[in-house]
Amino acid sequence: MGRHIVQRLLLSVPVLFGVLLIGFLLLQVVPTDPAVVLAGPMASQDIIDAIRRDLGLDQPLWYQFGLYIGRVLQGDLGKSIISNLGVAEELARTMGPTLELLVACLVWAIPLGIAMGTVAAVYRGKLVDRIIMAFSVAGVSIPVFFLGLVLIWYVGYKLQWLPFTGRGGPLWSWEGIQHLVLPAITLGGVFVGPIARMTRTTVLEVLGADYVRTARAKGLSEPRVVVRHALRNALIPIVTLIGLQIGFLLGGAVVTETMFSWPGVGRLAVGAILSRDFPVAQGAIIVLALAFLLINLAVDVLYAVLDPRVQKR
């Protein structure tokens, strides 16, 4: 297992390097000079040139990228142009709310998706199966922003059942839970459908296996056959899909946090890009990419736990 984890970590290094390079180059093509933003609209050209020299912006791109990599390896992500605070400090302040949102989404979306897919497989071809699959297709098709707008308008504004702006407080407080409900439903709504469809497909395949028929022949109850023998052996592709979908949730979190004014990393990244705060934008890209890599590493480890044959490949 340790060797398997080390191999996956080594494979993640060039991916992270590529993310750093792409993030650096993307911000270089933005038609805005960070020195001009930092100096202000009334600054003279001499002041702007001096700031460019201090920031190393007058050096070749390869040299700037080398300095950037060196700072990142030392944990120095620079300072925000807008707030003059450390980028690491800004990111540390926003990672907690983003983690809360992702956990709240996964807590209800994963069990519901697996339950829906399992029920659809057991009642294949019946009305229950068709209703569940219809909801799954709708969940896959509806964009995050559309579902969020509907919930904001109807549940938050018209019915006034739940707040839809900002973070009310810590997760363990009632006000914090109320503010978390709508963003978590919005983000998880597009997560349930793919899990339900994959679960239905894999459980159907397993239900026709010889060992499932043997379990039924032994007189085991149908719920026990489905849960302990069918669903358990169908988990590997489901876990793989969940890992990939969690990675894509990071992109959905950017939209969700912006819509609900949720103070997370996604909203910080959008605000930094709009305000041309390049160090914060680069830091947010690094954090989101690192989170994606860690999620995939966790999925690989869990995959190996569920199927030890993976460790031998």
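Worth saying up front: this structure is predicted, and the values here are computed from it rather than measured. (Residues numbered from 1 in each chain as written. Predicted model: local features only at pLDDT ≥ 70, side-chain atom pairs only at ≥ 80, totals over all residues. Heavy atoms only, no water.)

As for the overall build of the chain
For the chain, the count of helices and strands is 13 helices and zero strands. Reading the secondary structure of the chain in the N-to-C direction produces α-α-α-α-α-α-α-α-α-α-α-α-α. In terms of overall dimensions, the chain has a C-alpha envelope of 85 × 55 × 30 Å along the principal axes. Counting only residues that meet the buried cut, the chain has 41% of its 313 residues in that class. Looking at the chain alone, contacts between residues at least 24 apart form 73% of all its contacts between residues at least 6 apart. When the accessible surface of the chain is summed, it comes to about 17,400 Å², and 67% of that surface belongs to carbon and sulfur atoms. For the chain, the distance from the average site of its 25 positive side-chain charges to the average site of its 18 negative ones is 17 Å. (Helix = DSSP H or I, 4+ residues; strand = E, 2+ residues; numbered from the N terminus. Buried < 20%, exposed > 50% of the residue type's maximum accessible area, 1.4 Å probe, protein only. Contact = heavy atoms within 4.5 Å. Areas by Shrake-Rupley, 256 points an atom, 1.4 Å probe, with all protein chains shown as cover. Lys, Arg positive; Asp, Glu negative; His and termini not counted. Charge placed at Lys NZ, Arg CZ, Asp CG, Glu CD.)

Notes on the packing of helix H5 (residues 87-122) against helix H8 (residues 174-207)
Axis separation between H5 and H8 bottoms out at 6 Å; the angle between their running directions is 35°. The way H5 lies across H8 gives a crossing that is right-handed. Classifying every residue of the contact of H5 with H8 by side-chain character gives 25 nonpolar, six polar and two charged. (Axes fitted to C-alpha atoms, helices over the stretch in contact; angles between N-to-C directions. Left-handed = near helix turned anticlockwise from the far one by under 90°. Nonpolar A, V, L, I, M, F, W, Y, C, P; charged D, E, K, R; others polar.)

Some points on the nonpolar core
Core analysis: the biggest nonpolar cluster contains 35 residues, and Leu187, Phe191 and Ile242 have the highest contact counts within it. If you list the elements that add at least two residues to this core, you get H5, helix H6 (127-141), H8, helix H9 (210-217), helix H10 (222-233) and helix H11 (235-259). Among residues more than four places away in sequence, those in contact with Phe191 are Leu106, Ala109, Ile110, Ile242, Gln245, Ile246 and Leu249. Among the nonpolar cores identified, the runner-up in size contains 18 residues, and Phe65, Leu77, Ala269 and Ala281 belong to it. (Core = buried A, V, L, I, M, F, W, Y, C linked by side-chain atoms within 4.5 Å.)

A look at the packing of aromatic side chains
Evaluated as defined, the whole model comprises two aromatic pairs. Where Trp153 meets Tyr154, the ring centres are 5.8 Å apart and the plane angle is 40°; that geometry is what we call tilted. For Tyr154, a relative accessible area of 39% puts it in the partly exposed group. (Phe/Tyr/Trp six-rings, centres within 6.5 Å; stacked < 30°, edge-to-face > 60°.)

Here's the deal with empty space enclosed by the protein
With the rule as written, the count across this model stands at one cavity of 30 Å³ or more. Each pocket or cavity is described by its volume, and for the largest cavity that value is around 30 Å³. For the largest cavity, the full set of lining residues is Val19, Leu20, Gly23, Phe24, Tyr68, Gln282, Ile285 and Ile286. For the lining of the largest cavity, the elements supplying multiple residues, two or more each, are helix H1 (2-28) and helix H13 (278-306). (1 Å grid on protein atoms, 1.4 Å probe; cavity = no way out; pocket = protein on both sides within 12 Å on 5 of 7 lines; lining within 4 Å. Points joined across faces, edges and corners; volume = space filled by probe spheres on them.)

Some points on the layout of surface pockets
Put simply, the second largest pocket is a space of about 360 Å³. What lines the second largest pocket is a set of 17 residues, and nearest its centre among them are Leu16, Leu20, Val72, Ile286 and Leu290. Taken together, the residues that form the lining of the second largest pocket break down as 15 nonpolar, two polar and no charged.

So, the packing of H5 against H11
As a packed pair, H5 and H11 sit with axes 11 Å apart at the nearest point and diverge in direction by 135°. With respect to their mutual orientation, H5 and H11 come out oblique. The element H5 and its partner H11 pack so that their crossing is right-handed. Residues Thr98, Leu101, Leu102, Cys105, Leu106, Ile110 and Ile114 of H5 pack against Ile238, Ile242, Ile246, Leu249, Leu250, Thr256 and Glu257 of H11. Among the residues forming the contact of H5 with H11, the class breakdown is eleven nonpolar, two polar and one charged. (Parallel < 35°, antiparallel > 145°, perpendicular 65-115°, else oblique.)

Thoughts on the environment of Ala39
Topologically, Ala39 is positioned in helix H2 (residues 34-39). A residue is classified by how much of its surface remains accessible, and Ala39, at 24% relative accessible area, is partly exposed. Excluding residues within four positions of it along the chain, Ala39 makes contact with Ile47, Ile48 and Ile51.

Quick word on unusual backbone geometry
The phi angle at Gln160 is positive, at roughly 55°, despite the residue not being glycine. Looking at the secondary structure, you find Gln160 in the loop between helix H7 (144-158) and H8.

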